[in-house]
Amino acid sequence: VLWMRSPADPVFRGDGDSVTLVAPSGAVAASSAGPLTWRSVLGALRYEVELLDSEGTVVLDASATDTVLALPPNLRPFVSYGWRVSAVLPGGTRSESALGSFTILPD
(Lines give C-alpha, C1' and ligand atoms only; values in the text may rest on other atoms or scores of the structure.)
Protein backbone atom coordinates (compact mmCIF):
# COMPACT_ATOMS: atom_id res chain seq x y z
CA VAL A 1 0.00 0.00 0.00
CA LEU A 2 1.40 3.36 -1.02
CA TRP A 3 0.26 6.39 0.87
CA MET A 4 1.33 9.93 0.57
CA ARG A 5 1.74 12.66 3.15
CA SER A 6 2.84 16.17 2.45
CA PRO A 7 3.95 18.78 5.01
CA ALA A 8 0.84 20.81 4.13
CA ASP A 9 -1.54 18.10 5.35
CA PRO A 10 -3.11 19.00 8.69
CA VAL A 11 -2.83 16.78 11.73
CA PHE A 12 -6.15 16.66 13.53
CA ARG A 13 -5.52 16.68 17.24
CA GLY A 14 -7.96 15.13 19.65
CA ASP A 15 -8.10 15.20 23.39
CA GLY A 16 -10.42 12.30 23.96
CA ASP A 17 -10.13 8.57 24.28
CA SER A 18 -12.18 7.70 21.18
CA VAL A 19 -11.48 8.10 17.49
CA THR A 20 -13.62 10.70 15.72
CA LEU A 21 -13.77 10.62 11.93
CA VAL A 22 -13.43 14.02 10.24
CA ALA A 23 -13.64 13.51 6.46
CA PRO A 24 -14.72 12.47 3.91
CA SER A 25 -18.43 12.18 4.56
CA GLY A 26 -21.52 12.26 2.38
CA ALA A 27 -21.30 12.90 -1.36
CA VAL A 28 -17.79 13.82 -2.54
CA ALA A 29 -16.71 14.83 -6.06
CA ALA A 30 -13.89 12.65 -7.35
CA SER A 31 -11.61 15.62 -8.02
CA SER A 32 -12.06 17.10 -4.55
CA ALA A 33 -12.03 13.91 -2.50
CA GLY A 34 -9.43 14.65 0.14
CA PRO A 35 -7.64 12.17 2.36
CA LEU A 36 -9.19 10.14 5.14
CA THR A 37 -8.82 12.26 8.28
CA TRP A 38 -9.65 11.64 11.93
CA ARG A 39 -8.93 13.15 15.33
CA SER A 40 -6.09 11.67 17.31
CA VAL A 41 -6.49 9.69 20.50
CA LEU A 42 -4.25 10.57 23.41
CA GLY A 43 -1.57 7.91 23.81
CA ALA A 44 -2.32 6.07 20.57
CA LEU A 45 0.67 4.13 19.23
CA ARG A 46 -0.82 3.80 15.74
CA TYR A 47 -4.09 3.74 13.86
CA GLU A 48 -5.49 0.90 11.78
CA VAL A 49 -7.64 2.11 8.90
CA GLU A 50 -10.11 0.02 6.94
CA LEU A 51 -12.03 1.15 3.84
CA LEU A 52 -14.70 -1.08 2.28
CA ASP A 53 -16.88 -0.70 -0.79
CA SER A 54 -20.66 -1.20 -0.74
CA GLU A 55 -20.20 -4.94 -1.41
CA GLY A 56 -18.00 -5.34 1.67
CA THR A 57 -14.77 -5.74 -0.29
CA VAL A 58 -11.75 -4.32 1.52
CA VAL A 59 -10.34 -1.50 -0.62
CA LEU A 60 -7.74 -0.31 1.90
CA ASP A 61 -6.32 -1.92 5.02
CA ALA A 62 -3.45 0.14 6.39
CA SER A 63 -1.64 1.29 9.52
CA ALA A 64 -0.74 4.91 10.16
CA THR A 65 0.97 6.85 12.91
CA ASP A 66 -0.64 10.08 11.76
CA THR A 67 -4.27 11.22 11.42
CA VAL A 68 -4.29 11.61 7.63
CA LEU A 69 -4.19 8.87 5.00
CA ALA A 70 -4.54 9.30 1.23
CA LEU A 71 -7.50 7.71 -0.47
CA PRO A 72 -6.57 4.98 -2.93
CA PRO A 73 -6.69 6.21 -6.55
CA ASN A 74 -9.02 3.47 -7.79
CA LEU A 75 -12.28 4.59 -6.13
CA ARG A 76 -15.28 4.26 -8.45
CA PRO A 77 -18.02 6.85 -8.99
CA PHE A 78 -21.51 6.17 -7.62
CA VAL A 79 -20.12 3.65 -5.15
CA SER A 80 -20.63 4.09 -1.42
CA TYR A 81 -17.65 3.40 0.80
CA GLY A 82 -17.56 2.70 4.52
CA TRP A 83 -14.53 3.34 6.68
CA ARG A 84 -13.42 3.10 10.26
CA VAL A 85 -10.30 3.76 12.28
CA SER A 86 -9.05 1.86 15.30
CA ALA A 87 -6.52 3.46 17.65
CA VAL A 88 -4.05 0.94 19.07
CA LEU A 89 -3.11 1.93 22.61
CA PRO A 90 -0.38 0.72 24.97
CA GLY A 91 -1.04 -2.77 26.26
CA GLY A 92 -2.89 -3.69 23.07
CA THR A 93 -6.20 -2.06 23.95
CA ARG A 94 -8.13 -0.36 21.17
CA SER A 95 -10.47 2.53 20.66
CA GLU A 96 -12.64 2.30 17.54
CA SER A 97 -14.47 4.98 15.60
CA ALA A 98 -18.05 4.74 14.48
CA LEU A 99 -18.48 3.64 10.89
CA GLY A 100 -18.19 6.55 8.45
CA SER A 101 -19.41 6.58 4.87
CA PHE A 102 -19.08 8.57 1.68
CA THR A 103 -20.01 8.27 -1.98
CA ILE A 104 -17.75 9.30 -4.85
CA LEU A 105 -19.47 11.42 -7.48
CA PRO A 106 -18.06 11.94 -10.98
CA ASP A 107 -16.59 15.34 -11.81
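An account of the accompanying structure is given in this report. All figures in this text were calculated on a predicted structure; none of them were measured in a lab. (Residues numbered from 1 in each chain as written. Predicted model: local features only at pLDDT ≥ 70, side-chain atom pairs only at ≥ 80, totals over all residues. Heavy atoms only, no water.)

Side note on the sheet that holds strand β1 (residues 20-23)
Step number 1: Read from one edge of the open sheet, 3 strands run β1-β3-β6, paired in antiparallel fashion. The open sheet has two free edges, formed respectively by β1 and β6 (68-69), since each of these has just one partner strand.
Step number 2: Pairing of strand β3 (residues 36-39) with β6, which is carried by 2 bridges, proceeds in the antiparallel orientation. By the bridge assignment, Leu-36 is partnered in β6 with Leu-69. (Pairing = 2+ DSSP bridges. Helix = DSSP H or I, 4+ residues; strand = E, 2+ residues; numbered from the N terminus.)

Examining the environment of Ser-95
Step number 1: Residue placement: Ser-95 occurs in strand β8 (residues 94-96).
Step number 2: On the basis of relative accessible area, Ser-95 is assigned to the buried category, the value being 8%.
Step number 3: Taking the C-alpha atoms as reference points, Ser-95 and Tyr-47, 48 residues apart in sequence, are found 9.4 Å from one another.
Step number 4: Every residue in contact with Ser-95, bar those within four places of it in the chain, is listed here: Asp-17, Ser-18, Val-19, Val-85, Ser-86, Ala-87 and Leu-89. (Buried < 20%, exposed > 50% of the residue type's maximum accessible area, 1.4 Å probe, protein only. Contact = heavy atoms within 4.5 Å.)

A short note on the pairing of strand β4 (residues 46-53)
Step number 1: Counting buried positions along β4 gives 6 out of 8 residues, so the element sits mostly inside the fold.
Step number 2: Both β4 and strand β7 (residues 80-88) contribute to a ladder of 8 bridges, which runs antiparallel. Its bridge partner lying in β7, Arg-46 is registered against Val-88.
Step number 3: Counting the residues that bridge the hairpin from β4 to strand β5 (residues 58-64) gives 4 residues, and of these Gly-56 lies at a positive phi of roughly 90 degrees.

What to know about the pattern of salt bridges
Step number 1: Counted according to the given criterion, the structure contains 4 salt bridges.
Step number 2: A salt bridge links Arg-46 to Glu-48, with the shortest nitrogen-to-oxygen separation between them at 3.2 Å.
Step number 3: With a relative accessible area of 32%, Arg-46 lands in the partly exposed category.
Step number 4: Given a relative accessible area of 24%, Glu-48 falls into the partly exposed group.
Step number 5: Glu-48 is paired through a salt bridge with Arg-94; the nearest N and O atoms lie 2.8 Å apart. Here the residue Glu-48 occupies a position in strand β4, and Arg-94 occupies one in strand β8, the gap between them amounting to 46 residues.
Step number 6: In the salt-bridge network here, residues are joined through shared partners; they are Arg-46, Glu-48 and Arg-94. (Salt bridge = Lys/Arg side-chain N within 4 Å of Asp/Glu carboxyl O.)

Regarding the packing of aromatic side chains
Step number 1: Scanning all chains against the criterion turns up 2 aromatic pairs.
Step number 2: Taking the centre distance of 5.7 Å and the plane angle of 65 degrees together, the rings of Trp-38 and Tyr-47 count as edge-to-face.
Step number 3: Between Tyr-81 and Phe-102 the ring centres are 5.6 Å apart and the planes differ by 25 degrees, which places this aromatic pair in the stacked class. One end of the pair, Tyr-81, is in strand β7; the other, Phe-102, is in strand β9 (residues 100-105), and 21 residues separate them in sequence. (Phe/Tyr/Trp six-rings, centres within 6.5 Å; stacked < 30°, edge-to-face > 60°.)

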